[in-house]
Number of protein chains: 2
Amino acid sequence: MPAPRPRLLLSAFLMNTPNHILGGHWRRPEAQQHRFNELSLWTGLARQLEDAKFDALFFADVAGLYGQYDGGWQHHVGKGLQVPANDPLVLVSALAGATEDIGLALTSSIIQAEPFQFARQLSTLDHLTDGRVGWNIVTSVLENAHRNFGAAELERHDERYAWAEEYAEAVYALWEGSWDDDAVLADKASGRYADPAKVRRINHRGERYSIDGPHLVEPSPQRTPFLFQAGSSPRGRAFAGRHAEATFIFAPSPSSAARSSALVREQAVAAGRQAEDVKVFAGLSFVVGSTEDEVRRKQESLEASLDLEYILAHIGGGLGVDLGGHDLDARLDDLGAGSVQTEGTQGHLETLRRLSPDGNPSLREIARARAFGQQIAGTPEQIADRLEQWQDAGIDGVNVMNQVLPDSYTDFIEGLLPELRRRGLAQTEYAPGTLREKVFGRGARLEPSHPAAAFRGRGADLDSPAVPAGLAATGPAAAAPEGVNA
Amino acid sequence: MPAPRPRLLLSAFLMNTPNHILGGHWRRPEAQQHRFNELSLWTGLARQLEDAKFDALFFADVAGLYGQYDGGWQHHVGKGLQVPANDPLVLVSALAGATEDIGLALTSSIIQAEPFQFARQLSTLDHLTDGRVGWNIVTSVLENAHRNFGAAELERHDERYAWAEEYAEAVYALWEGSWDDDAVLADKASGRYADPAKVRRINHRGERYSIDGPHLVEPSPQRTPFLFQAGSSPRGRAFAGRHAEATFIFAPSPSSAARSSALVREQAVAAGRQAEDVKVFAGLSFVVGSTEDEVRRKQESLEASLDLEYILAHIGGGLGVDLGGHDLDARLDDLGAGSVQTEGTQGHLETLRRLSPDGNPSLREIARARAFGQQIAGTPEQIADRLEQWQDAGIDGVNVMNQVLPDSYTDFIEGLLPELRRRGLAQTEYAPGTLREKVFGRGARLEPSHPAAAFRGRGADLDSPAVPAGLAATGPAAAAPEGVNA
C-alpha cells in the first residue's frame, strides 16, 4: 500500500477589482465581482472559503495602472482591467473579524509604504487576527505605480531587488529585533507595562531608509507575517529562496512546475534553509462538472465570456510591451520591436515564442495559452487525478484562480472538494495556531535559518547609540546626532 | 418657551494603546485597556457606542515615541505611555463590518503615508463602510516619529503646515478630481466598466510629492473623508479653518472654549466658508454618579489610580520638554531652560504658567490641571446642566475621554445619556447616510466652498500632458517625459 498523500494547501487567488486574471467574466449574469466595493461580497466569500477549510485568501495588488494597450490606458479603464483596484490591506483588515481560522494574505509593494509604517500595520493586523497574516513581497513592475510614488521611471530590475533586500532587513529588524519575547509585563499590580531594558531601537541606516525605532507594536503571534514571494527571474528566485515561506508559480504543466519548484528550492538550500521551507503553490483555474458533457457546456459558456483582448493587455502590461492595436491573428514578429519598454522583456518574449512550434505565435495563441494553459477541466475524478500529477511534480498547494465570484469557488467546494477529501488531498479541519503553524505544523515564528531570525536579540547592536557595524551610514539621517533617546 | 436645543454630537476619544490621555487607570481591576491588542475589546466597544447612537469612534495616533522623560524613553515603555501604539487604520478597517452607522475616524500624519497610498486606503475604507470614514489630519510633533520616516529631525512648525497643505492638495486631487461622478458604468451588457474620458491623471508636481494618478479607487460615498483637524496654534487654526469639518479643542472652561471656537470659525469665514461649516468638539471626561456621595467615591477611587507622572510625561512629550527627574512639587521656574527643544514650546509654557496665580505652578499643579481641568463630575442632572453651558458657549459636541475601557463609556451611556436624551441633547436614532450627512444634515460630499471642491472636474487641467499652470515642476519627476499615458 502506498504511503498516504500529503494534503494540498489551498488558497484563493483574489484581487479587489472587477477583473483579476481571467478578464471579461464579470459581465456574466451570475458574476458578482462588480460588487467588489462592497464588504458583504468579501465577507461572504471569506466565510465560504473558511467553511471549506481553505488555508488562505490571497489578495493580489497593483499600485498603478497595468501598463499600456493601444497607446494608453483608456482600454484598461474601459474594461476594468485591474482598475479600479482597491487597497488590499484595508480589505483584509475588514475580514479579520469575519473569520477565525483562514489565513489572510495581502500583496504590498516596497514602493508603496515605508518600512516603519508597513511593519506597524502588519503587526497590528497579526494581533487582531491572532497570527493569520501573510505578506506577498513585490517590487512593482508597473511604471505608473512608480510614478505615483515620486519616481520618474521604473527602477531597473536588479536595483528593485536590492531595494527589496533593504526593505526586508528594515521590517525584520522591527518585527524580530526590537522587542524581546519577555519584554511585555502588562502587570497591573506593579504598574509596569513593559521592561524598557528589553525594548530597543533598530537604528537602521541604509541606502533608502533611515529608521530609529523602536517598533511601536509589541510582538504579535507570528512577529514576521507569513512570507509569500513570487519572483520568477533568476534574481527574483534567489530572493524567494532566501525569504519566501511560500512561492507562487504559473506553469503550463506538471513538468514545467517541477522545474520551477526545483529552482526555488535550490535557492533556499543555497541560502542555508531547507528545501521544504518553501511551499510551492501553482496558480490554476478549474472547470468542474459532474459529467464530461457538463464540463464541455461550462467550458463553452466560459469561453464565450472570456475577453482575449483583456488577457493580451494584461500580458503586455506585465511585460512592459504594448500589445494593443493589432488584429488578434497578427503574429509576434509582425509587431515590431519599438514597443519593448523594459529590460527583461526580451526574456519574457522568448517564453511567448515557445507557445508556437515556429517561434512566432499569434496574439490569439498567446492570450489563449495564458487563459487556458493553467486551467484544469473535468469531472471531480479527472481533476483529482491531474492534481495528483501536479503534487507528484513537487507542488505543495494550489492558488485557485477564479472566473466568476463566488461561483468558481462554489463549484470547487461543492464539486471537487469532496473528491479531494476522499483521497486525503484536502483538510477537513484546521490545525490550531497561527497561519505559519497551520501550514508547516511547527512553531509560530520563523525558523532560525531564515534571514529574519538574524535580527533576534540584537541587544547592544540595536540599542547602541553608534551606527551598528556593517550598516553604512548613508541615509538622510546619517549626519544627525545619535543616541538622543538612548 | 425657548427654542429646543440642538443635540450634542458625541464621539469617543480612543487610542489603540494601553494608556491614552488619563494614564495609569489601566491598572484598575475592571479596566480592559490592557487587552488593546484584541479585536474583541474594540468590536464590543464599537457596538456598545453604536447602540448608544454615538456619532463616531475617534482614534488618536502617534507615529513614534512621545518625547523624553527623565532623559530617555524608558519611562514611557515602562508605563505604556502610548507605546505600544497600534495602527488605527488597520483597527478601524477591522471595525467596518462590526458596525453599520457609527462614524469611524482615525488620525494619520502626513509623515507616515504617501498621499497616493493614503488616499487609496481611505477611499477603499469609505467604500467598505458606506461612507463612514473620518480623517484627523496631523503633522506630528514628535521627533522620534520623524526619525522613523527618514528625517534627521523634526520639521519646523510652519514648514510642517506647508507640507500639510501640499499633502491635502494631493489627496483632494485624487479624491475629488480624478474620477467624474458618472465615470463608472459597470454595464454588463456593453462590457464597459468605466468611461475613460471621465477618468484623469492628477499630475501633481509639488515640493515634496510627484504623483501621476489616476486615483485607483472609483468615487466612494463621501469621496473626501470627513475631515477632522485639531490645530491650536495660529497657523494650525488657519489650517483647521480652511480644511476642517470638525475640530477638537481642549479647554478648561466654557468661556475658554468659546474663545477657541470663535477663533477657528473666524478662520473658516476668512477662508470663504461658513462659520457653522466647522463643528467644534470639546474634549471632556466624566465622573457620573446617581448621588453626590457616589460621585465623590468614584472621584476618590479614580484619583487613586491616576498616574500624575504619566500625565506630566505626556504633557512634556507634546511640548518637546523633558519634565522628568524632578519632584512633583518642583515649580516650573526651577526646571531650567535647557530642556526646551522645539520652537513653539515657549508659547505653550506660557499657557502652563497661567495655571498658577504667581505664574510659577508646580509640576503637580500642571499635571492635575490636565487630568481634571476637562473633567465634569456630578449627577446626571448636574452634568447635563454643565454641558448646556458648554453648548451655550458654542460647542457642537463632546469628544468623550475615558479613564477606563469600557466602563467610562458604560457609565456615560447608562448614567448620563438618558438625561441628555430627556433634554433633547442626544440623538435616539441615526440619521440616514454617510458620516457627513449624519453630522451636517446635508449632502454626502464637501460643500463647494471647501478647498477640496476646487479639484472637481478639472478635466483638461488634470489630463493635460503638460505640467498644469500654477503648479511648479519641482518634484523628482519634473525631468521625466510627460504624457506617456495620456
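Refer to the structure above for everything that follows.
Residues numbered from 1 in each chain as written. Chains lettered and ligands numbered in written order. Predicted model: local features only at pLDDT ≥ 70, side-chain atom pairs only at ≥ 80, totals over all residues. Heavy atoms only, no water.

Chemist: How should the relation of the copies chain A and chain B be read in this particular structure?
Modeler: Rotating chain A by 180° and translating it 0.0 Å along the rotation axis places it on chain B, where the RMSD comes to 0.0 Å. In short, the pair behaves as if placed about a two-fold rotation axis. Closest to the rotation axis within chain A is the C-alpha of A:A94, separated from it by 2.0 Å. Most of the interface of chain A is mirrored in chain B, where 100% of its interface residues again form contacts. (Least-squares fit on C-alpha atoms with pLDDT ≥ 70 in both. Contact = heavy atoms within 4.5 Å.)

Chemist: How should I be thinking about helix α12 (residues 363-372) of chain A in this particular structure?
Modeler: Note: α-helices contain 3.6 residues per turn, so residues at a spacing of three or four share the same orientation. All of the buried residues along α12(A) are A:L363, A:I366, A:A367 and A:A371. Along α12(A), the residues classed as buried sweep out an arc of 125° about the axis, all on the same side. (Buried < 20%, exposed > 50% of the residue type's maximum accessible area, 1.4 Å probe, protein only. Helix = DSSP H or I, 4+ residues; strand = E, 2+ residues; numbered from the N terminus. Arc of directions from axis to C-beta.)

Chemist: Just to check I follow, could you spell out the side chain of A:H146 for this structure?
Modeler: Residue and element names in this part refer to chain A. Along the chain, H146 falls in helix α5 (residues 143-147). Among the residues examined, H146 registers a relative accessible area of 2% and is labelled buried. Residues contacting H146, with those up to four places away along its chain left out, are I111, T139, S140, A151, E153, L154, E155, R160 and W163.

Chemist: Can you walk me through the pattern of salt bridges in this structure?
Modeler: Where charged atoms from two side chains of opposite charge approach closely, those side chains can pair. For the structure shown, the criterion picks out 72 salt bridges over all chains. Across the pair B:D212 and A:R147 runs a salt bridge, and its minimum N-O distance is 2.6 Å. Of this pair, B:D212 sits in the loop between β8 (210-211) and β9 (226-229) while A:R147 sits in helix α5, placing the two residues on different chains. Across the pair, A:R147 and B:D212 agree in class, each one buried. Taking the shortest distance from any N to any O, the salt bridge between B:R28 and B:E30 comes out at 2.9 Å. For B:R28, a relative accessible area of 12% translates into the label buried. Each of A:R5, A:D385, A:E388, A:D392, A:E419, A:R422 and A:R423 takes part in one network of salt bridges that share partners. (Salt bridge = Lys/Arg side-chain N within 4 Å of Asp/Glu carboxyl O.)

Chemist: I tried to follow helix α14 (residues 407-422) of chain B on my own but got confused; where do I start?
Modeler: Residue and element names in this part refer to chain B. Between the first and last C-alpha of α14 there are 22 Å, a value that for 16 residues agrees with the 22 Å anticipated at 1.5 Å per step. By the largest-angle criterion, L416 marks the main kink of α14, which is about 50°, and a proline, P418, follows within four residues. Regarding α14, the residues found buried are S408, Y409, T410, F412, I413, L416, L417, E419 and L420. As for α14, its buried residues are in contact with β1 (9-14), α1 (39-51), β11 (279-288), α13 (380-392) and β13 (397-400). (Expected span 1.5 Å × (residues − 1). Bend = angle between axes of the 7 residues up to and from the residue.)

Chemist: Mind showing me how you'd approach the packing of aromatic side chains here?
Modeler: The relative placement of two aromatic rings is captured by the distance of their centres and the angle of their planes. Residue and element names in this part refer to chain A. Tallying each qualifying case throughout the model produces 50 aromatic pairs over all chains. One aromatic cluster is present, built from ring pairs that chain together F13, F58, F226, F228, F248, F250, F281 and F440. The residue whose ring lies beneath R442 is F440, and the NZ or CZ to ring-centre distance is 4.5 Å. (Phe/Tyr/Trp six-rings, centres within 6.5 Å; stacked < 30°, edge-to-face > 60°. Lys NZ or Arg CZ within 6 Å of the ring centre and 35° of its normal.)

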